[in-house]
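# Understanding the architecture of this molecule
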Amino acid sequence: MFRLQGSKVLAVEMTGDAVKAKNGSMVAYDGQMAFKKLSGGGEGLRGMVTRRLTGEQMTVMEVKGHGTCWFADRASEINLVGLQGDKLYVESSNLLATDAALRTGTTFTGLRGASQGNGLFTTTVEGHGQAAIMSDGPAVVLRVSPQYPLTVDPGAYIAHQGNLRQSFQSGVTFRTFLGEGGGEAFQIRFEGDGLVYVQPSERNTIAGDV
């Protein structure tokens with residue numbers, strides 16, 4: 001159902017089914033399509049309330065119909081992630097689309113908050129199906145094993161999946177060496193067994209500071 005057309009456009013083939021996508025990301029379609037704006041990024045009232053509390057601006061639309069729909073967002077690179085009953089944790093600004101079989105929600109990420117500094121929650125996607133996540137430049141998938149924990153700069157983090165423990169630790173960020181840090185810096189540390197998606201270009205954050 002999901003396929004890439006180039007590296008920056010997602011094509012979704014639909015035969016009466018639906019897809020959820022970032023609002024405003026549809027660039028073209030053929031056939032017959034119906035569009036509906038959804039409130040919040042989570043399921044039901046709880047997801048809507050959580051979004052308001054965390055301040056994460058994630059507006060989602062549902063597209064349903066017969067034909068092909070193309071999605072893109074600010075020329076970002078698109079990466080397809082297949083889920084087989086597992087859960088994907090992704091920054092809300094990096095989630096482009098999910099197929100109808102997947103459930104979206106929110107999860108608590110710790111006292112340091114999400115990597116964008118927008119709140120204490122991040123978006124979850126779970127079930128069986130495909131999700132499309134975006135990155136500024138080609139994403140790199142890094143393996144985490146019990147023997148090799150991984151530390152990531154918050155501006156480069158996109159998503160992770162698998163049996164991973166996520167924690168925030170104070171200390172020197174990579175940008176401190178460039179003279180761009182200030183205040184109390186932090187990093188994201190992953191331990192366990194799973195995958196972490198990072199992008200080669202850091203998003204516009206608060207320079208890793210809280």
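Residues numbered from 1 in each chain as written. Predicted model: local features only at pLDDT ≥ 70, side-chain atom pairs only at ≥ 80, totals over all residues. Heavy atoms only, no water.

Going by an unreviewed UniProt entry, the chain carries the name AIM24 family protein and comes from Streptomyces sp. 900105755.

### As for the nonpolar core
Rules: The definition of a nonpolar core used throughout is a set of buried Ala, Val, Leu, Ile, Met, Phe, Trp, Tyr and Cys residues joined through side-chain atoms within 4.5 Å. The buried label goes to any residue with under 20% of its type's maximum accessible area, the exposed label to any with over 50%, and the partly exposed label to all in between, with areas taken from a 1.4 Å probe on protein chains only. Secondary structure elements are taken from DSSP: a helix is a run of H or I of four residues or more, a strand is a run of E of two residues or more, and numbering for both begins at the N terminus. Residue contacts are counted whenever heavy atoms from the two residues lie within 4.5 Å of one another.
Within the largest apolar cluster, 16 residues are counted, with the highest numbers of intra-cluster contacts made by Leu 10, Val 63, Phe 71, Leu 96 and Ala 97. When residues of this core are traced back to their parent elements, those giving at least two are β2 (10-22), β5 (60-71), β7 (95-99) and β9 (121-135). Sort the elements by how many residues they give to this core and β2 lands first, with five residues. Not counting the four nearest positions on each side in its chain, Ala 97 is found in contact with Phe 2, Leu 10, Val 19, Lys 20, Ala 21, Ala 131 and Ala 132.

### Overview of the pattern of salt bridges
In plain terms, the rule: Salt bridges are defined by distance alone: a side-chain nitrogen of Lys or Arg within 4 Å of a carboxyl oxygen of Asp or Glu.
For the coordinates displayed, the defined rule picks out seven salt bridges. Across the salt bridge formed by Asp 73 and Arg 74, the nearest N and O atoms sit 3.2 Å from each other. Asp 73 gets classed as buried once you look at its relative accessible area, which sits at 13%. With a closest N to O distance of 3.5 Å, Arg 103 and Glu 126 form a salt bridge. Of this pair, Arg 103 sits in strand β8 (residues 103-108) while Glu 126 sits in strand β9, and the two are 23 residues apart along the sequence. Sharing partners across several salt bridges, the network here consists of Lys 22, Asp 73 and Arg 74.

### What to know about the packing of aromatic side chains
Going by this rule: Working definition: rings of Phe, Tyr and Trp (its six-membered ring) pair if their centres are within 6.5 Å, and the pair is stacked with planes under 30 degrees apart, edge-to-face with planes over 60 apart, and tilted otherwise.
Applying the stated criterion across every chain, the model contains two aromatic pairs. With a centroid separation of 5.7 Å and an interplanar angle of 25°, the aromatic rings of Tyr 157 and Phe 190 are classed as stacked. Separated by 33 residues along the polypeptide, Tyr 157 in strand β12 (residues 157-170) and Phe 190 in strand β13 (residues 186-198) bring together distant segments of the chain. In terms of burial, Tyr 157 and Phe 190 fall into one category: buried.

### Here we look at the environment of Gln 161
Spelled out, the test is: N or O atoms within 3.5 Å of each other form a polar contact, as long as, within protein, one can give a hydrogen and the other can take it, and as long as residues adjacent in sequence are counted only when both atoms are side-chain atoms.
Residue position: Gln 161 is located in strand β12. In this structure Gln 161 comes out as buried when scored by relative accessible area, which is 8%. In this structure the C-alpha to C-alpha distance between Gln 161 and Glu 126, which are 35 residues apart in sequence, comes to 10.0 Å. Aside from chain neighbours lying at most four places away, what touches Gln 161 is Val 81, Gly 82, Leu 83, Asp 86, Lys 87, Leu 88, Gly 194, Leu 195 and Tyr 197. In this structure the side chain of Gln 161 is engaged in a polar contact, spanning 2.6 Å, whose partner is the side chain of Tyr 197.

### Topic: unusual backbone geometry
Of all residues except glycine, most have a negative phi; of all peptide bonds, most are trans. At Arg 74, a position not held by glycine, the phi torsion is positive, near 50°. Structurally, the position occupied by Arg 74 is in the loop between β5 and β6 (77-90). Note on Arg 74: relative accessible area 69%, which makes it exposed. A positive phi angle, close to 60°, is found at Ala 75, a residue other than glycine.

### Topic: the side chain of Asp 153
One can find Asp 153 in the loop between β11 (150-152) and β12. Of the residues examined, Asp 153 reaches a relative accessible area of 4% and is grouped as buried. At 2.9 Å, the side chain of Asp 153 and the backbone nitrogen of Gly 155 are in polar contact.

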